[in-house]
Amino acid sequence: MFTNRKRKEREIVVEHGHIHKWPSDYMVLPLPLGNCVETFNLEKAVCNHGLFMMAPNLWIPSSKILQRPLRLADGSSSVVVSIYHPLNLPSLHIRVHANHLSSSDQQAILQEQVARILRISDKDEQDVREFQMLNPKAKVKAFGRLFRSPTLFEDAVKSILFCNCTWSRTLEMARTLCELQFDLSAAGLRRFIKHSSNKETTASSTLHVQKFKPRPLGNFPNSRELAGLPKDFLVKHCNLGYRAKTILVLAQRVEKMKLQLQDHLVTDLASLEVLNSKLKKVKGIGNFTTANISMCLGFYHLIPVDTETIKHLQKIHDKESSSMATVQADVQQVYDKSAPFQCLAYWLEQVEYYESKLGKLSDLPPSSYYTVASSSKCMS
């Protein structure tokens, strides 16, 4: 149950130049770790994949707190939560920056989203233990839970944002989508589009303003919020390029129930293949994107292959001749010994490599995220 807390001092969090002052009243919702308690490490469960660096996620290194908005039962409104793990307790604490959410339904929805983000379930725990038995280094490093989003739709859209661009642009596109969601939730869809269409603002000048004057962030937009947007509007305000149409078609198919992005509907490789086949019918979604989505669903046999993968193989595995033509065969040769956890083995090495250059990912300030990776071109 929620615990009501009051603090005399006002909590202040600074993020990208914004100063957030939370209400002195808040609620704390415990999330029991259950069978995951022996292997779970919050810092390691968060800071292991580029998804944790993307808005609206905010990892606060000094306090080891993950902060972001989560959806409530109506699917429209959100609350900001701070997730942390008190020392020696068998549960996480979800601090809800609101004081009026007392229903058990609302509590369960928030718990489910946090459990999904951090892979807190019996199935996830089984995967972690099996992978760590296969790869002892993973156990030493408390590695095995790849970070993901509270919903599969958010994972899918962010997987599209990974494609064929610099990492800094990926981060910027995610941020502008969250800025857009804030505007939409504040003003309403039609009103905001009408207001924005009266401004003669190009995408480049919009990004120039955003770079020096960050706007407030909302949640990551859901399929309902995106499906009704004109493509040109999304291109202009979020600088998505060709991805705008891909994301809009995806959102529209989800809203029309032609695509069901629900974790519980994908229980085995056969149902995963059905979903991936449907996803690939959306122009702009190929093997790279569906491999990322499969990873987010807890299937680790596919590795999302792009130019970063080639660089990794060349540097770490002496595959100097690896290229877009050979990389799939190279990946199989290197990682099939880790089946069915090939993707986990790959990301364990990637994290090791990035941290050898940059230090612990969990210690990086958000301003350094833009330098973590370079540009990538993914395989279709």
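Here, the structure is the one placed above.
Before going into details, it helps to say that this report is about the structure given with it.

**Points about unusual backbone geometry**
Here is step 1 of the chain: Note that the residue after Ala55, namely Pro56, is joined by a cis bond; omega there is 10°.
Here is step 2 of the chain: Here Pro56 shows up in the loop between helix 1 (42-46) and strand 5 (58-60).
Here is step 3 of the chain: The linkage connecting Ala339 with the following residue, Pro340, adopts the cis geometry, with an omega of 5°.
Here is step 4 of the chain: You can see Pro340 is positioned in the loop between helix 15 (327-335) and helix 16 (342-358).
Here is step 5 of the chain: In this structure, Asn88 is a non-glycine residue whose phi angle is positive, near 65°.
Here is step 6 of the chain: Tracing the chain through its elements places Asn88 in the loop between strand 7 (78-84) and strand 8 (91-96).
Here is step 7 of the chain: Positive phi, normally seen in glycine, also occurs at Asn164, with a value near 55°.
Here is step 8 of the chain: In this fold, Asn164 is placed in the loop between helix 5 (152-161) and strand 9 (165-166).

**Remarks on the nonpolar core**
Here is step 1 of the chain: If you look at the biggest cluster of nonpolar residues, it comprises 106 residues, and the most contacted ones within it are Leu118, Leu234 and Leu250.
Here is step 2 of the chain: The element best represented in this core is helix 16, accounting for nine residues.
Here is step 3 of the chain: When near neighbours in sequence (up to four residues on either side) are disregarded, Leu118 contacts Phe40, Leu42, Ala45, Val46, Ile83, Leu92 and Arg145.
Here is step 4 of the chain: Ranked by size, the runner-up nonpolar core spans six residues in total, among them Tyr26, Val28, Leu58 and Tyr84.

**Notes on helix 13 (residues 287-296)**
Here is step 1 of the chain: Among the ten residues that make up helix 13, nine are buried, leaving the element largely enclosed by the rest of the structure.
Here is step 2 of the chain: Buried within helix 13 are the following residues: Phe288, Thr289, Thr290, Ala291, Asn292, Ile293, Ser294, Met295 and Cys296.
Here is step 3 of the chain: Looking at the buried residues of helix 13, the elements they touch are helix 2 (104-118), helix 5, helix 12 (269-279) and helix 16.

About the thresholds
Residues numbered from 1 in each chain as written. Predicted model: local features only at pLDDT ≥ 70, side-chain atom pairs only at ≥ 80, totals over all residues. Heavy atoms only, no water. Helix = DSSP H or I, 4+ residues; strand = E, 2+ residues; numbered from the N terminus. Core = buried A, V, L, I, M, F, W, Y, C linked by side-chain atoms within 4.5 Å. Buried < 20%, exposed > 50% of the residue type's maximum accessible area, 1.4 Å probe, protein only. Contact = heavy atoms within 4.5 Å.

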